[in-house]
Amino acid sequence: MKTVTAVEAKNSFGRLLEAAHREPVLVTKNNREVAAMLSMEDLRALADTFLADPLKADVAEGRRALLDAVMAQIDINRRIEAGRKAIVEGRGTVADDAYFQGLRDRALARRS
């Protein structure tokens, strides 16, 4: 993978775009990784293995842009992981009869 500084990326953006067509490009600033540039072909390949089927369908049917779908999947994955962690730590919600009755009661109250 090619690595360039933020200054190099700014000063030679056209070459950066060309390089991204060949391989992903890592951009650093103050010796920290701050961004990556990759081709749409690489993004499509990543999305093909990463996206859940409903998001793939949204992209295929034009309801959502590819990058937006990838970012949505990242958010979904973070929320799932946070939920799993909460369950492990004993902070999860017990989905018993009382829980579902509470949901029903709130839904009925909104309709009234």
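Up top you'll find the structure we're talking about.
Anyway, here's the lowdown on the structure attached to this text. (Residues numbered from 1 in each chain as written. Predicted model: local features only at pLDDT ≥ 70, side-chain atom pairs only at ≥ 80, totals over all residues. Heavy atoms only, no water.)

### Some details on the packing of helix H3 (residues 40–50) against helix H5 (residues 66–88)
The packing of two helices is summarised by the inter-axis angle and the distance between the axes. Threshold: Between N-to-C directions, angles cover 0 to 180 degrees, with each direction set by a line fitted to C-alpha atoms, over the stretch in contact for helices. Working definition: helices are DSSP H or I runs of at least four residues, strands are E runs of at least two. Numbering for both runs from the N terminus. Orientation is classified from the angle alone, with under 35 degrees giving roughly parallel, over 145 giving roughly antiparallel, 65 to 115 giving roughly perpendicular, and any other angle giving oblique. Crossing handedness is defined as follows: a turn of the near helix away from the far one that is anticlockwise and smaller than a right angle gives a left-handed crossing, while the clockwise case is right-handed. Contacts are assigned to residue pairs with any non-hydrogen atoms lying within 4.5 Å of each other. Classes in brief: Ala, Val, Leu, Ile, Met, Phe, Trp, Tyr, Cys and Pro nonpolar; Asp, Glu, Lys and Arg charged; the others, Gly included, polar.
Between H3 and H5, the shortest axis-to-axis distance is 10 Å and the interhelical angle comes to 40°. Accordingly, the angle class assigned to the pair H3 and H5 is oblique. The handedness of the crossing between H3 and H5 comes out as left-handed. Residue-level contacts link Met 40, Leu 43, Arg 44, Ala 47 and Phe 50 of H3 to Leu 66, Leu 67, Val 70, Gln 73, Ile 74 and Asn 77 of H5. Classifying every residue of the contact of H3 with H5 by side-chain character gives 8 nonpolar, 2 polar and 1 charged.

### As for the sheet that holds strand E2 (residues 25–29)
Definition in use: Two strands qualify as a pair provided that DSSP identifies no fewer than 2 bridges between them.
Across the sheet, 3 strands lie side by side as E1-E2-E3; this open sheet has mixed pairing. Where the open sheet ends on each side, the last strands, each with one partner, are strand E1 (2–5) and strand E3 (32–37). On average, adjacent strands in this sheet sit at an angle of 30° to one another, irrespective of strand direction. The strands touched by helix H2 (residues 13–22) within the sheet are E1, E2 and E3, with E3 carrying the most contacts at an inclination of about 70°.

The analysis is restricted to geometry; functional conclusions fall outside its scope.
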